[in-house]
Amino acid sequence: VQLQASGGGLVQAGGSLRLSCAASGRAFSSYAMGWFRQAPGKEREFVAAINWSGSSTRYADSAKGRFTISRDNAKNTVYLQMNSLKPEDTAVYYCAQDGQPYRLGFTVGHAYEYWGRGTQVTVSS
């Protein structure tokens with residue numbers, strides 16, 4: 001399995017970005033996907049998750065109301081739409097794929113088997 005995240009960049013506070021994560025290697029539509037982030041000097045943290053069908057989503061409190069996770073199973077891609085960005089959203093964002101099929105998206109990293117290389121998001125004040 002390969003996960004390729006893209007869409008990061010530099011944006012001013014209040015701006016928006018849409019991250020994409022393209023997956024290959026196994027039946028994408030069978031697996032939940034998640035987004036995590038890691039800021040310099042901090043531990044990796046959960047951002048959002050979506051179940052295998054896209055019918056259920058979960059968000060960290062910091063993401064609720066501002067971020068939206070979605071997936072297009074026909075394109076083997078999961079997205080993270082980020083609006084009203086804040087400087088504290090600055091981090092490397094990683095997409096991850098669940099280790100088991102047909103589950104809800106989990107908020108803990110150890111539930112995910114495959115990880116992308118990350119894309120940098122920098123929000124200036």
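The structure under discussion appears in the preceding block.
(A) Molecular detail of the pairing of strand S11 (residues 119–124). Here S11 shows a buried face lined by Thr-119, Val-121 and Val-123 and an unburied face lined by Gln-120, Thr-122 and Ser-124. Strand direction decides the pairing type here: strand S2 (residues 9–12) and S11, joined by four bridges, are parallel. Looking at the pairing, Val-11 lines up with Val-123 of S11. Relative to S11, strand S9 (residues 91–101) is paired through three bridges, and the arrangement is antiparallel. Within S11, the residue paired with Ala-91 across the bridge is Val-121.

(B) Spotlight on the pairing of S9. Bridge count for strand S4 (residues 31–38) against S9 is seven bridges, and the pairing is antiparallel. Following the sheet pairing, Tyr-31 is matched in S9 by Pro-101. Note: S9 against strand S10 (residues 112–115), three bridges, orientation antiparallel. Bridged to Gln-97 within S10 is Tyr-114.

Cut-offs applied
Chains are numbered independently. Their residues run from 1 in the order of the written sequence. Only residues with pLDDT of at least 70 are given local features in this predicted model, and only at 80 or more are side-chain atom pairs given and counted; all residues enter the totals for whole chains, interfaces and linings. To get the side-chain values, take all heavy atoms of the structure and skip hydrogens and water. The rule is simple: take the accessible area with a 1.4 Å probe, protein chains only, and divide by the maximum for that residue type; under 20% is buried, over 50% is exposed, in between is partly exposed. Helix and strand definitions here come from DSSP, where helices need a minimum of 4 consecutive H or I residues and strands a minimum of 2 consecutive E residues; each element is numbered from the N-terminal end. If DSSP finds at least two bridges between two strands, the strands pair.

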